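# Summary of structural features
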Amino acid sequence: MSKVLVSDPIDQAGIDILSQVATVDVKTNLKPAELIEIIGEYDALMIRSGTRVTQEIIEASTQLKIIGRAGVGVDNVDVPAATRKGIVVVNSPEGNTIAAAEHALAMMLSLSRHIPDANASVKRGEWDRKTFVGAEVYKKTLGIVGLGKIGSHVAHVAKAMGMKLLAYDPFISTERAEQIGCQLVELDLLFQQADYITLHIPKTPETANLINAKTLAKMKPTTRIINCARGGIIDEAALAAAIKEGKIAGAALDVFDSEPLAESELRSLGKDIILTPHLGASTAEAQVNVAIDVAEQIRDVLLGLPARSAVNIPGLGPDILEELKPYMQLAETLGNLVGQLAGGRVETLNVKLQGDLATNKSQPLVVAALKGLLYQALRERVNYVNASIEAKERGIRVIETRDASARDYAGSLHLEATGTLGTHSVTGALLGDKEIHLTDVDGFPINVPPSKYMLFTLHRDMPGIIGKLGSLLGSFNVNIASMQVGRKIVRGDAVMALSIDDPLPDGILDEIKQVSGIRDAYTVTL
Ligand SMILES: NC(=O)C1=CN([C@@H]2O[C@H](COP(=O)(O)OP(=O)(O)OC[C@H]3O[C@@H](n4cnc5c(N)ncnc54)[C@H](O)[C@@H]3O)[C@@H](O)[C@H]2O)C=CC1
Ligand SMILES: O=C(O)CCC(=O)C(=O)O
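Fair warning: this is a prediction, and the values are worked out from it, not measured in the lab. (Residues numbered from 1 in each chain as written. Chains lettered and ligands numbered in written order. Predicted model: local features only at pLDDT ≥ 70, side-chain atom pairs only at ≥ 80, totals over all residues. Heavy atoms only, no water.)

### Focus: the pattern of salt bridges
Summed over the entire model, instances satisfying the criterion amount to 21 salt bridges. As a salt-bridge pair, Arg299 and Asp300 come within 3.3 Å of each other at their nearest N and O atoms. The pair Arg299 / Asp300 is uniform in exposure class, with both members buried. Linked by salt bridges that have partners in common, Lys3, Asp25 and Glu41 make up one network. (Salt bridge = Lys/Arg side-chain N within 4 Å of Asp/Glu carboxyl O. Buried < 20%, exposed > 50% of the residue type's maximum accessible area, 1.4 Å probe, protein only.)

### Things to note about unusual backbone geometry
Cis geometry is adopted by the peptide bond preceding Pro260, which originates at Glu259 and carries an omega value of 0°. Position of Pro260 among the secondary structure elements: in the loop between strand E11 (250-253) and strand E12 (273-275). Of note, the phi angle at His278 is positive, near 50°, even though the residue is not glycine. Mapped onto the elements, His278 comes out in the loop between E12 and helix H12 (284-302). For His278, a relative accessible area of 23% gives the class partly exposed. The phi dihedral of Asn477 falls on the positive side, at around 60°, and the residue is not glycine. Given the relative accessible area of 69%, Asn477 is considered exposed. (Helix = DSSP H or I, 4+ residues; strand = E, 2+ residues; numbered from the N terminus.)

### Quick look at the UniProt feature "domain: ACT" (unreviewed entry) in the protein chain
Within this structure's numbering, the places UniProt gives as "domain: ACT" (unreviewed entry) are residues 454-526. Secondary structure within residues 454-526 divides into 25% helix and 42% strand; the distance between the first and last C-alpha atoms comes to 8 Å. (UniProt positions renumbered as here; feature names shortened; annotations may be inferred.)

### Brief notes about helix H14 (residues 364-378)
Taken as a whole, H14 carries its principal kink of about 30° at Gly372. Looking at the residues trailing H14, positive phi occurs at Arg379, about 45°. (Bend = angle between axes of the 7 residues up to and from the residue.)

### A look at the site of ligand 1
Taken together, the neighbourhood of ligand 1 is formed by 28 residues, with Lys149, Ile150, Asp169, Ile201 and Arg381 sitting nearest. Gly280 is positioned such that a nitrogen or oxygen atom in its backbone is 3.5 Å from an oxygen atom of ligand 1. In isolation ligand 1 has 870 Å² of accessible area, and contact with the protein removes 96% of it. The set of elements that each furnish at least two residues to the shell around ligand 1 consists of helix H7 (149-160) and H14. (Near = heavy atom within 4 Å. Polar contact = N/O pair within 3.5 Å; in protein donor to acceptor, adjacent residues only side chain to side chain. Areas by Shrake-Rupley, 256 points an atom, 1.4 Å probe, with all protein chains shown as cover.)

### Digging into empty space enclosed by the protein
Counted by the stated rule, this structure contains one cavity of 30 Å³ or more. Counted as a void, the largest cavity has a volume near 30 Å³. If you go around the largest cavity, the residues you meet are Asn227, Gly231, Gly232, Ile234, Glu236, Leu253, Val255, Phe256 and Asp257. (1 Å grid on protein atoms, 1.4 Å probe; cavity = no way out; pocket = protein on both sides within 12 Å on 5 of 7 lines; lining within 4 Å. Points joined across faces, edges and corners; volume = space filled by probe spheres on them.)

### Section: the packing of aromatic side chains
In this description, an aromatic ring pair is defined by two values, namely the gap between the centres and the angle between the planes. If you walk through the whole model with that rule in mind, you get zero aromatic pairs. Cation over ring: Lys3 sits above Tyr42, and NZ or CZ is 4.9 Å from the ring centre. Here the guanidinium or amino end of Lys488 rests over the ring plane of Phe444, the centre of that ring lying 4.6 Å away. (Phe/Tyr/Trp six-rings, centres within 6.5 Å; stacked < 30°, edge-to-face > 60°. Lys NZ or Arg CZ within 6 Å of the ring centre and 35° of its normal.)

### Some details on the sheet that holds strand E6 (residues 141-145)
Ordered in space as E8-E7-E6-E9-E10-E11-E12, the seven strands form an open sheet in which the pairing is parallel. Each edge of the sheet is formed by a strand with only one pairing partner; in this case those strands are strand E8 (183-184) and E12. The pairing of E11 with E12 spans three bridges and is parallel. If you follow Ala252 over to E12, its bridge partner there is Ile274. Along the sheet, helix H11 (residues 236-244) makes contact with strand E10 (224-227), E11 and E12, crossing E11 at roughly 145°. (Pairing = 2+ DSSP bridges. Contact = heavy atoms within 4.5 Å. Axes fitted to C-alpha atoms, helices over the stretch in contact; angles between N-to-C directions.)

### Structural notes on the pairing of strand E16 (residues 422-431)
Among the ten residues of E16, seven are classified as buried, and the element is accordingly described as predominantly covered. Pairing of strand E15 (residues 411-419) with E16 involves eight bridges; the strand directions are antiparallel. Bridge pairing links His414 to Thr427 in E16. If you look at the hairpin formed by E15 and E16, you'll find two residues sitting between the two strands. Here six bridges tie E16 to strand E17 (residues 435-441), and the two strands are oriented antiparallel to one another. Residue Leu430 lies in a different strand from E17, and its bridge partner there is Ile436.

### A short note on the side chain of Asn336
Structurally, Asn336 can be placed in helix H13 (residues 318-342). In terms of polar contacts, Asn336 uses its side chain to reach the side chain of Gln376, at 3.0 Å. Ignoring anything within four residues of it in the chain, the contact list for Asn336 reads Gly372, Leu373, Tyr375, Gln376, Thr525 and Leu526.

### Some points on the state of the cysteines
As enumerated under the stated definition, the model contains zero disulfides in all. Left unpaired, Cys182 is separated from the closest cysteine sulfur, that of Cys228, by 17 Å. Its relative accessible area of 9% is what places Cys228 among the buried residues. (Disulfide = S-S within 2.5 Å.)

### Considering the packing of helix H1 (residues 12-19) against H12
In the contact formed by H1 and H12, the axes pass within 7 Å of each other and the chain directions differ by 15°. With respect to H12, the element H1 is oriented roughly parallel. For the pair H1 and H12, the crossing hand works out as right-handed. In this structure, H1 uses Ala13, Gly14, Ile17 and Leu18 to contact H12, whose residues at the interface are Val288, Ala291, Ile292, Ala295, Glu296, Ile298 and Arg299. When the residues that make up the contact of H1 with H12 are grouped by side-chain class, the tally is eight nonpolar, one polar and two charged. (Parallel < 35°, antiparallel > 145°, perpendicular 65-115°, else oblique. Left-handed = near helix turned anticlockwise from the far one by under 90°. Nonpolar A, V, L, I, M, F, W, Y, C, P; charged D, E, K, R; others polar.)

This is the structure we're talking about:
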């Protein structure tokens, strides 16, 4: 019989499902070394946010087939390490949506009416009606950052409370925002106008410290901020200072840079701040939902069936999966790349399956390309199951074509996306021992393996331009790992693809675009 380790508190409904097919051990509060010691015995691991599944733990496993996260965020799992070992990672993308949205709304109202402090004062035996005069949310402006599942539900309820809704989400179309009753605006305008700001975004390099001293300075002295998304999106020291100095009115936080929250200035801000210990998903209903959702997937995978919300490996039959697996990664990488070249708000994605890939069996590659395209917006929350639905909800038109006659490589994939930065295309194939290569960018032939940080330029093919770009990057201490130029005719237009060792520091892209002969420049992180 298979063995499942449950290392965080999980609702009994989940344990009951697992027990149908496996011996279940519930061992919570394990230290990393203890988990490493015992993980070799288990076929499946079920967690919430308390267990950090590091590369070391994954490497110590010998028969682990699946890691199930009873919740949304899989940021406590080293997903790439699991993928390398062929371990499926699943989550419950929607099981706690309502719980988290309601927590954010409860935080907004509690903060406005000082409920936690008023309650504490009555319980101390006081009757103070002056200190706790609050503010109404009716007719106030709510700025929603991140209009995904939770942000949309918050919008729905806030609208019913008579609030005016502004939203910022670079991956959502204006039409979709309007359907939800929100006006899509730029972030600065939202910061300037909102009376309440609620965050519903993943923590990514782009969103880390999004609320900082500079952005706090743009807000009104009456603004209140709610964060039930992820710690680290707010610079906590800057937030504490802004509240203390009266630059904003207050904040309600459920998540923190480091959890549990240690010594912190945030604790000393009285009624202007509410702190809860990551309770967004902690409702009886959500815990039953996520436990059942994830336990069912673990049960299915242990029975050899596909998982419905796999974050990393699709739920395909083993023979198809074996054949397509290397191409799935190619499709995801190209989707991620073309999405960034086209700008966040992609309207159309053309996927052309070429050569040996021009068959019906390759259809999952279209889904993989969409998963890659949506990665910048949804991170680990996009999977092979929800990618098409998420794309549809975002108004992305997907056009799929096949060309068996394209024979430059055995099989290749051509993606073209139209977004805020115009129309861009990339082609890729697998070379040698299945290494991914970009073979074309915007119609210019190249041959480079993609790397984590890349810079692309469209320029005139003329003497000295490569040197100028190299010196400019050197002056900012940016190290070039490799560089290749693709051109169709000598001294015509050309594309340069550079792999760089680190992300491009802020502001350099604009300087690159000023270099004479360079028409455009794009930077991507893969
Ligand atoms: N406090 C808690 O217990 C819980 C917290 N969460 C967290 O709440 C957050 C939102 O979750 P969902 O709504 O389910 O996710 P979702 O994936 O449905 O929505 C996230 C939205 O953020 C947008 N986004 C991505 N990058 C952005 C950026 N740079 N600026 C603005 N928008 C951006 C995406 O386009 C997407 O629409 C996640 O961080 C999740 O981990 C979720 C459940 C419980
Ligand atoms: O498991 C929990 O309580 C945390 C929920 C959460 O943050 C998530 O699902 O992303």
